[in-house]
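The chain contents come next:
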Amino acid sequence: MIDDQTHTLVDNQSGELAFKLFKFESIRHFDHIQRLNYYSIIWIKSGSGTAVVDTDNYSYSKNQIFSFSPYQPFMFSPETATQGLVINFHPNFFCILKHHNEVACDGVLFNNIYEYPYIDIDHSETDTLSWIISEMEKDIQENNLAANEAIIPYLKLFLINCSRVKKKQQPEVKLATEPNDDRYVV
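Numbering of residues starts from 1 in every chain and runs along the sequence as written. Local features in this predicted model are restricted to residues whose pLDDT is 70 or higher, and side-chain atom pairs enter the listing and the counts only when it is 80 or higher, whereas totals over whole chains, interfaces and linings include all residues. Excluding hydrogens and water, the side-chain values take into account all heavy atoms of the structure.

> Explanation requested: the packing of aromatic side chains in the structure shown.
Ring pairs (aromatic) are described by centroid distance and by the angle formed between their planes. The pairing test for Phe, Tyr and Trp rings, Trp by its six-membered ring, is centres within 6.5 Å, and the orientation test on the planes gives stacked under 30 degrees, edge-to-face over 60, and tilted for anything in between. Under the definition given, this model contains 16 aromatic pairs. Ring geometry for phenylalanine 66 and tyrosine 118: centres 5.3 Å apart, planes at 40°, overall tilted. Placement of phenylalanine 66 in strand β6 (residues 64-68) and of tyrosine 118 in strand β9 (residues 118-120) is noted, with a sequence separation of 52 residues between them. Judged on exposure class, the residue phenylalanine 66 and its partner tyrosine 118 are both buried. Runs of E in the DSSP output that reach at least two residues are strands. Runs of H or I that reach at least four are helices, and both are numbered from the N terminus. Each residue is placed in one exposure class: buried if its accessible area under a 1.4 Å probe, protein chains only, is under 20% of its type's maximum, exposed if it is over 50%, and partly exposed if it falls in between.

Printed below as a string of structure tokens:
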């Protein structure tokens, strides 16, 4: 643990970052292109601006959660003071491909260049996700036996909840069944 706002778990074998949860009072850390070697989830708690993801620009505002795959380029340009929190986890700590059947976030939150990289969360979702975050923080602060293993169920729960929200927010587009029918059903 670096300070009361940063909670870090390190892989004992490699000495590399396994999991990191930190709160930020300014998004200046992300004001240049990032290409991190781990998954990143950035929850914008307050503020607004522009997020550049890959080569696309997205407006961001409070109560949005962005998700980035390893090495996916992104940066944030704030228009107003931006605060929030970040979850970083290395694929060796939690592999979303290995746990796809459990969390179903591959192709939903991560690894889908055809969808927008964020979700909007409402008050009830905010409460649920905030509780999960507080449990992660508590577990890391207490530095209990097998803290790495104890964080994984909370991370899964967080990813599942975010995946469910994103699935609700994605419109389903189906082509009409007739070959000459130009209509789309949304």
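> Just checking my understanding: could you explain the sheet that holds strand β2 (residues 17-24) for this structure?
Pairing between the strands of a sheet is mediated by backbone hydrogen bonds and can be parallel or antiparallel. For two strands to be treated as a pair, DSSP must find at least two bridges joining them. Taken together, 6 strands build an open sheet; the order of strands is β1-β2-β8-β3-β6-β9 and the sheet is antiparallel. The strands lining the two open edges of the sheet, one partner per strand, are β1 (6-10) and β9. Averaged over neighbouring strand pairs, the angle between their axes works out to 10° when direction is ignored. Sheet topology places β2 next to strand β8 (residues 83-89); 6 bridges connect them, and they run antiparallel. Bridging across to β8, phenylalanine 22 finds its partner in valine 86. The sheet strands contacting helix α3 (residues 147-169) are β1, β2, β3 (39-46), β6, β8 and β9, and the helix crosses β9 at an angle near 75°. The axes are straight lines fitted to the C-alpha atoms, using for helices just the contacting stretch, and the angles between their N-to-C directions are given from 0 to 180°. Contacts between residues were defined by any pair of non-hydrogen atoms, one from each residue, lying within 4.5 Å.

> What am I meant to see in the pairing of strand β5 (residues 56-60) here?
Along any regular strand the residues' side chains alternate between the sheet's two faces. In this sheet, β5 lies alongside strand β4 (residues 49-53) in antiparallel orientation, the contact comprising 5 bridges. Residue glycine 49 lies in a different strand from β5, and its bridge partner there is tyrosine 60. If you look at the hairpin formed by β4 and β5, you'll find 2 residues sitting between the two strands, and aspartate 54 has a positive phi there, around 55°.

> For this particular structure, what's the right way to read unusual backbone geometry?
Working note: non-glycine residues mostly have negative phi, and peptide bonds are mostly trans. Although it is not a glycine, asparagine 63 adopts a positive phi angle of roughly 60°. Looking at the element boundaries, asparagine 63 is found in the loop between β5 and β6. The phi dihedral of tyrosine 71 is positive, around 70°, even though this residue is not glycine. Looking at where tyrosine 71 falls in the secondary structure, it is placed in the loop between β6 and β7 (74-78).

> Got a minute to help me understand α3 in this structure?
Given 3.6 residues to a turn, an α-helix orients residues that are three or four positions apart in the same direction. Here α3 spans 33 Å end to end across 23 residues, near enough to the 33 Å set by a 1.5 Å rise per residue. Turning to α3, its buried residues number three or more, namely Ala147, Ile151, Ile152, Leu155, Phe158, Leu159, Ile160, Asn161, Cys162, Ser163, Val165 and Lys166. Multiplying one less than the number of residues by 1.5 Å gives the expected span of a helix.

> Is there a simple way to explain the pattern of salt bridges in this structure?
Criterion for a salt bridge: a side-chain nitrogen of Lys or Arg within 4 Å of a carboxyl oxygen of Asp or Glu. Inspection of the entire model under this criterion finds 3 salt bridges. Between lysine 23 and glutamate 137 there is a salt bridge, with the nearest N and O atoms lying 3.2 Å from each other. Taken together, the residues span a long stretch of sequence, with lysine 23 in strand β2 and glutamate 137 in helix α2 (residues 123-142) at a distance of 114 residues. With relative accessibility at 37%, the residue lysine 23 sits in the partly exposed group. By relative accessible area, glutamate 137 is classed as buried at 13%. Two residues, lysine 138 and glutamate 135, come together in a salt bridge whose shortest N-O distance is 3.1 Å.

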